[in-house]
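# Results of the structural survey
Listed here are the chains, written in short residue letters.
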Amino acid sequence: MDTKNLFKLPSLSFSEELVSILHKNQSIRIERIVSTGQVSDWYDQEENEFVSLLQGEAELSWEDGAATKLNAGDSLIIPKHKLHKVSYTSIKPPCIWLCVFWK
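The model shown is predicted, which means the values in this text are computed figures rather than measured ones. (Residues numbered from 1 in each chain as written. Predicted model: local features only at pLDDT ≥ 70, side-chain atom pairs only at ≥ 80, totals over all residues. Heavy atoms only, no water.)

### Considerations on the environment of leucine 54
- Note on placement: leucine 54 falls in strand E3 (residues 48-55).
- Residues leucine 54 and alanine 72 lie 18 residues apart in sequence; the distance between their C-alpha atoms is 4.9 Å.
- Leaving out residues up to four positions away in the same chain, leucine 54 has contacts with Leu6, Phe7, Ala72, Gly73, Ile96 and Leu98. (Helix = DSSP H or I, 4+ residues; strand = E, 2+ residues; numbered from the N terminus. Contact = heavy atoms within 4.5 Å.)

Given below as structure tokens:
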């Protein structure tokens with residue numbers, strides 16, 4: 001069985017988020033995402049998403065103007081088609097996200 005360490009990061013700097021697909025099949029996709037200050041445009045996803053912030057600090061903004069601040073260890077479920085965007089991610093330490101997507 002192959003093991004992966006979610007906290008082992010590349011030593012090179014990167015300007016875009018680093019997305020690693022850890023597992024994928026017809027029903028589910030599991031990703032590790034590393035953010036270093038990146039933010040996003042609005043997402044209107046076709047899938048439900050479980051989000052866990054393993055390291056760092058982040059903020060999600062919602063269509064109604066509300067915001068959710070996340071610290072290491074926080075998690076939430078984003079239902080499909082819930083309009084949202086990532087409005088902040090810490091640089092030091094970088095954000096390490098564990099995300100699970102399903103229909």
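### Details of the sheet that holds strand E4 (residues 57-62)
- Taken in spatial order, the three strands make up an open sheet running E5-E4-E7, and their pairing is antiparallel. Both outer strands of the open sheet, strand E5 (67-71) and strand E7 (84-89), are each paired with one neighbouring strand and no more. Each adjacent strand pair in this sheet contributes to an overall mean axis angle of 25°, direction not counted.
- As defined by bridge partners, E4 adjoins E5 across five bridges and the pair is classed as antiparallel. Residue pairing in the sheet places glutamate 57 in a bridge with asparagine 71 of E5. (Pairing = 2+ DSSP bridges. Axes fitted to C-alpha atoms, helices over the stretch in contact; angles between N-to-C directions.)

### A few points about unusual backbone geometry
- Geometrically, the link from lysine 92 to proline 93 is a cis peptide bond, its omega value of 0° lying close to zero.
- Secondary-structure assignment places proline 93 in the loop between E7 and strand E8 (95-102).
- The phi torsion at histidine 81 lies on the positive side, around 65°, for a residue other than glycine.
- Along the chain, histidine 81 falls in the loop between strand E6 (75-78) and E7.
- According to the relative accessible area criterion, histidine 81 is partly exposed, its value standing at 41%. (Buried < 20%, exposed > 50% of the residue type's maximum accessible area, 1.4 Å probe, protein only.)

### Looking at the layout of surface pockets
- Put simply, the largest pocket is a space of about 230 Å³.
- What lines the largest pocket is a set of 16 residues, among which Ile33, Tyr43, Glu49, Val86 and Cys99 lie closest to the centre.
- Elements that contribute at least two residues to the lining of the largest pocket include exactly strand E2 (28-35), E3, E7 and E8.
- Taken together, the residues of the lining of the largest pocket break down into 10 nonpolar, three polar and three charged. (1 Å grid on protein atoms, 1.4 Å probe; cavity = no way out; pocket = protein on both sides within 12 Å on 5 of 7 lines; lining within 4 Å. Points joined across faces, edges and corners; volume = space filled by probe spheres on them. Nonpolar A, V, L, I, M, F, W, Y, C, P; charged D, E, K, R; others polar.)

### Regarding the sheet that holds strand E1 (residues 18-24)
- Taken together, the five strands give an open sheet; going across it, the order is E1-E2-E8-E3-E6, and neighbouring strands pair in antiparallel fashion. Each end of this open sheet is capped by a strand with a single partner; those strands are E1 and E6. Direction aside, the axes of adjacent strands within the sheet are offset by 20° on average.
- As judged from the four bridges shared by E3 and E6, these two strands associate in the antiparallel manner. Bridging across to E6, glutamate 49 finds its partner in isoleucine 78.

### What about a negative patch on the surface?
- Negative charge collects at one region of the surface, where Asp44, Glu46, Glu63 and Asp64 lie side by side.
- Relative to the assigned elements, glutamate 63 resides in the loop between E4 and E5. (Patch = residues over 30% accessible without salt bridge, like charges linked within 9 Å, V, L, I, M, F, W, Y side chains within 5 Å. Areas by Shrake-Rupley, 256 points an atom, 1.4 Å probe, with all protein chains shown as cover. Salt bridge = Lys/Arg side-chain N within 4 Å of Asp/Glu carboxyl O. Lys, Arg positive; Asp, Glu negative; His and termini not counted. Charge placed at Lys NZ, Arg CZ, Asp CG, Glu CD.)

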